Amino acid sequence: MNYIILDLEWNQCPSGKKNENKDLKFEIIEIGAVKVDDNRQYVSEFHEFVSPTVYRALHKITKDMTKLTISELDKSDKFNEAATRFFDSVSYTHLTLPT
């Protein structure tokens, strides 16, 4: 059996909670994952940036933490395309989420 260790980076409203989209407070801007086997040995990995559609500017904390820019993210696909490729790459595995 294989396991997936998933790491997501998120953006939020750059101008604070008063202006955030109430239906989408956070938006995924990066998907990273490592697949390991039963012995916790590396099998493969997945990494993609995601072009944001809701928050078109990065929150200061997101910028500081990731060192990404909107122009870099805009070269990437939208979430639906990136997520589809991610789920295609992890088929028939167990997804392990951090707590």
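Presented here is a report on the structure given in the accompanying data block. (Residues numbered from 1 in each chain as written. Predicted model: local features only at pLDDT ≥ 70, side-chain atom pairs only at ≥ 80, totals over all residues. Heavy atoms only, no water.)

Within the secondary structure layout, Asp7 lies in strand S1 (residues 3-12). Classification of Asp7 as partly exposed rests on a relative accessible area of 46%. With 65 residues separating them in the primary sequence, Asp7 and Glu72 have C-alpha atoms 19 Å apart. Those residues in contact with Asp7, other than ones at most four positions away along the chain, are Glu30, Ile31 and Gly32. (Helix = DSSP H or I, 4+ residues; strand = E, 2+ residues; numbered from the N terminus. Buried < 20%, exposed > 50% of the residue type's maximum accessible area, 1.4 Å probe, protein only. Contact = heavy atoms within 4.5 Å.)

The next thing to look at is helix H3 (residues 79-89). Counting along an α-helix, one turn takes 3.6 residues, and residues three or four places apart therefore face a common direction. Buried within H3 we find Ala82, Ala83 and Phe86. Around the axis of H3, the buried residues are gathered within 95° of arc, so they sit on the same side. Opposite its buried face, H3 presents the exposed residues Asn80 and Asp88, each directed more than 90 degrees away. (Arc of directions from axis to C-beta.)

The next subject is a nonpolar patch on the surface. A cluster of nonpolar side chains, Ile5, Val34 and Tyr42, forms an exposed patch at the surface whose accessible area comes to about 280 Å². Mapped onto the elements of the fold, Ile5 is located in strand S1. (Patch = residues over 30% accessible without salt bridge, like charges linked within 9 Å, V, L, I, M, F, W, Y side chains within 5 Å. Areas by Shrake-Rupley, 256 points an atom, 1.4 Å probe, with all protein chains shown as cover. Salt bridge = Lys/Arg side-chain N within 4 Å of Asp/Glu carboxyl O.)

Among the nonpolar cores identified, the biggest contains ten residues, and these are Ile4, Leu6, Ile28, Ile31, Ala33, Phe46, Val50, Ala82, Phe86 and Val90. Taken together, the elements giving at least two residues each to this core come down to S1, strand S2 (26-36) and H3. For this core, the element with the most residues is S2, which contributes three residues. Non-local contacts of Ala33, meaning those with residues more than four positions away in its chain, are made with Ile4, Ile5, Leu6, Glu45, Phe46 and Phe86. Of all hydrophobic cores here, the second largest spans five residues; its members include Ile29, Leu58, Ile70 and Leu73. (Core = buried A, V, L, I, M, F, W, Y, C linked by side-chain atoms within 4.5 Å.)

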